[in-house]
Structure formats: C-alpha cells, structure tokens
Amino acid sequence: MKKETKIVLPFYKIAYGVFFVIILSLIRGVTYTYEVGIAIEAPLAILTTVFCADTYVQEIISKRSEIHILYPIKRRFCSIMERIVIQEVFLLVLAIAGYGLFFLFQKPITHPVTENETIQFAAYSFAITITIFFWGILVNTLSMFFRNMWMGIGGCLLIWLITNSGGGEKVFGAWNLFSYTFRDIENAADITWLYGKALYSCIGLILIAILPNIIRKRG
C-alpha cells in the first residue's frame, strides 16, 4: 500500500488538489448553506477525472507495463484497485475539507425552507462519495480501454458536459449523474435524487467487474 501511495499521490497531485479546493471555496460565491454542496459536486467530478486518469496508464507511459504484464491478472487488478481507493480517499478528504472552507471563507446562512445543517452535510457526504467513486472508476476504465489518459479525460468531459446542463436535467431527471445538484431544494422530503446515485453506483460496480477483462485484453 505504501508503494502504491507513492506512485499515485506524488507531491504535484497533492498540491494541485489542495489548491483547487481552496481556490474553489474562494471564488465560487454562495449565499445559503444548501448551495455549498452544489458548488462543489460538479467541479470535484472534473478534479477526480484529471486526478485518476493516469491510475494505470502511467505504467504504459513509463514502460513499466512490460514488467507489470507478467503478473497474474488478479495481482494487477488488486494493484489498480488499491491505487483507485488511495486516490479517491484523498479526494474525499479534500471534498469534506472544501465543504468546511466554504463556511470559513464565505459564512453562508441557512435557508428557512431547507433541512437542518446535519442532514445537509450527511446528504452531501453521501452524494460526493458516489460522485468521486463513479468518476474515478469511469476515467480509469476509459483510459485503460483506449490505452490513453487523454481519451479517458475527453470521454468523461463529454459525459460531464451532457449531464451537468439544463438539458441533462430535463432529459435524465432524478437519474442524472448530478441528481444531487439538481435536487428539489425546497422539498426536503423529496429523496428521488438518490435514484441517480444508486444507478451510477451500480454502473461503477459493473465497470469494476469488467476491469479484469480489460486488463487481459488491453494489457
């Protein structure tokens, strides 16, 4: 685990991840507390995409794949999953810290018709965990399939642009990737946004299930 951490969390990644969250909490204006999670979710999906795109492709770029390919599929799969988990745990810590930074720098107020702060934070924590999980798995899968991290990032960016839009909200509704962002703020009892998170959690698990086959075929 220590070796994998050194590989996937070099100083430059840690630095730009931290700066990204700090700058976002300074420049993305919010008035009410319910806007904090909305302000973070979509940008963090982009950060996750960039952050995790080279999870395995760096082995190809550095020529280490010529050695890595000699390992059993199970060992290679476990190595990739360890790297994804390490990166996504780091990103989740950043997401939680970023939530607090918005309160520190901008001091948003509670809207009278929204749920209490504890429930808002719990909903945010759940939603952002699924967001990080899905985008990290998706970009890694696409990058491995095409053997190119830029193809992985490009594919994810296209999906991001489609779903994180007014059109995406209308078409996908509660099944949107960003269902948390587009949820009905004024109706705390409406939990249909969980449908989208449940769906994409399942898709993420399916991508993990087919990962050994991609490893076998694409090296």
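Sequence positions are assigned chain by chain, starting from 1 and proceeding in written order. Selection of residues for local features in this predicted model requires a pLDDT of at least 70, selection of side-chain atom pairs for listing and counting requires 80 or more, and totals for whole chains, interfaces and linings are taken over all residues. To obtain the side-chain values, all non-hydrogen atoms of the structure were included, while hydrogens and water were left out.

Before going further, it helps to examine the overall build of the protein chain. Working definition: helices are DSSP H or I runs of at least four residues, strands are E runs of at least two. Numbering for both runs from the N terminus. Helix and strand counts for the protein chain stand at ten helices and zero strands. From first element to last, N terminus to C terminus, the protein chain shows the α and β order α-α-α-α-α-α-α-α-α-α. Expected size for 219 residues packed as a compact globule is a radius of gyration near 17 Å; at 18 Å, the protein chain falls within 12% of this value. Counting only C-alpha atoms, the protein chain reaches 60 × 35 × 25 Å along its principal axes. Here the protein chain, with 219 residues, has 47% of them falling under the buried criterion. Any pair of residues with heavy atoms lying within 4.5 Å of one another is described as a contacting pair. When contacts within the protein chain are restricted to residue pairs at least 6 apart in sequence, those whose partners lie at least 24 apart make up 78%. In short, Shrake-Rupley with a 1.4 Å probe defines the accessible areas, and a residue's cover is counted only from the protein chains shown. When the accessible area of the protein chain is evaluated, it comes to approximately 10900 Å², of which 71% is carbon and sulfur surface. For the protein chain, the distance from the average position of its 19 positive side-chain charges to the average position of its 14 negative side-chain charges is 15 Å. Atoms counted for the radius of gyration: C-alpha only. Globule rule: 2.2 Å times the number of residues to the power 0.38. Each residue's exposure class comes from its accessible area (1.4 Å probe, protein chains only) as a fraction of the maximum for that residue type: buried when under 20%, exposed when over 50%, partly exposed otherwise. By the counting rule applied here, Lys and Arg register as positive and Asp and Glu as negative, while His and the ends of each chain are not counted. Charged groups are reduced to one reference atom each: NZ for lysine, CZ for arginine, CG for aspartic acid, CD for glutamic acid.

Turning our eyes to something else, we now look at the packing of helix α2 (residues 11–27) against helix α3 (residues 34–52). Where helices are involved, their axes are fitted lines through C-alpha atoms of the stretch in contact, as for all axes, and angles between N-to-C directions lie from 0 to 180°. One way to put it is that α2 packs onto α3 with a least axis distance of 11 Å and a crossing angle of 165 degrees. The orientation of α2 with respect to α3, classified from their angle, is roughly antiparallel. The interaxial crossing formed by α2 with α3 has right-handed handedness. Residues K13, Y16, G17, F20 and L24 of α2 form the contact with α3, whose participating residues are A39, I40, P43, L47, V50 and F51. Lys, Arg, Asp and Glu make up the charged group, whereas Ala, Val, Leu, Ile, Met, Phe, Trp, Tyr, Cys and Pro make up the nonpolar group; the residues left over, Gly among them, are polar. Here the residues of the contact of α2 with α3 sort into nine nonpolar, one polar and one charged. The cut-offs work like this: below 35 degrees is roughly parallel, past 145 is roughly antiparallel, 65 to 115 is roughly perpendicular, and the gaps in between are oblique. Helix crossings are classified by the rotation of the near helix relative to the far one: an anticlockwise turn of less than a right angle makes the crossing left-handed, while a clockwise turn makes it right-handed.

Any pair of Phe, Tyr and Trp rings, taking the six-membered ring for Trp, is counted once the centres come within 6.5 Å. Such a pair is stacked with planes under 30 degrees apart, edge-to-face with planes over 60 apart, and tilted for the rest. Summed over all chains, the structure comprises 15 aromatic pairs. An angle of 70 degrees between the planes, with centres 5.3 Å apart, marks the rings of F134 and Y200 as edge-to-face. Of this pair, F134 sits in helix α7 (residues 117–146) while Y200 is found in helix α10 (residues 193–218), placing the two residues 66 residues apart along the sequence. Residue F134 shares its accessibility class with Y200, and that shared class is buried. With centroids separated by 5.3 Å and ring planes inclined at 25 degrees, the aromatic side chains of W175 and Y195 adopt a geometry described as stacked. With W175 in the loop between α9 (166–172) and α10 and Y195 in helix α10, this residue pair connects regions lying 20 residues apart in the sequence.

Let's shift gears to the state of the cysteines. Cysteine pairs can be covalently joined through their sulfur atoms, and such a bond is termed a disulfide. When two cysteine sulfur atoms lie within 2.5 Å, the pair is treated as a disulfide. Under the definition given, this model contains zero disulfides. For C156, which is in no disulfide, the shortest distance to another cysteine sulfur is to C52 and amounts to 9.8 Å. With a relative accessible area of 1%, C156 lands in the buried category. Cysteine C202 remains unbridged, with the sulfur of C156 as its closest cysteine sulfur at 19 Å.

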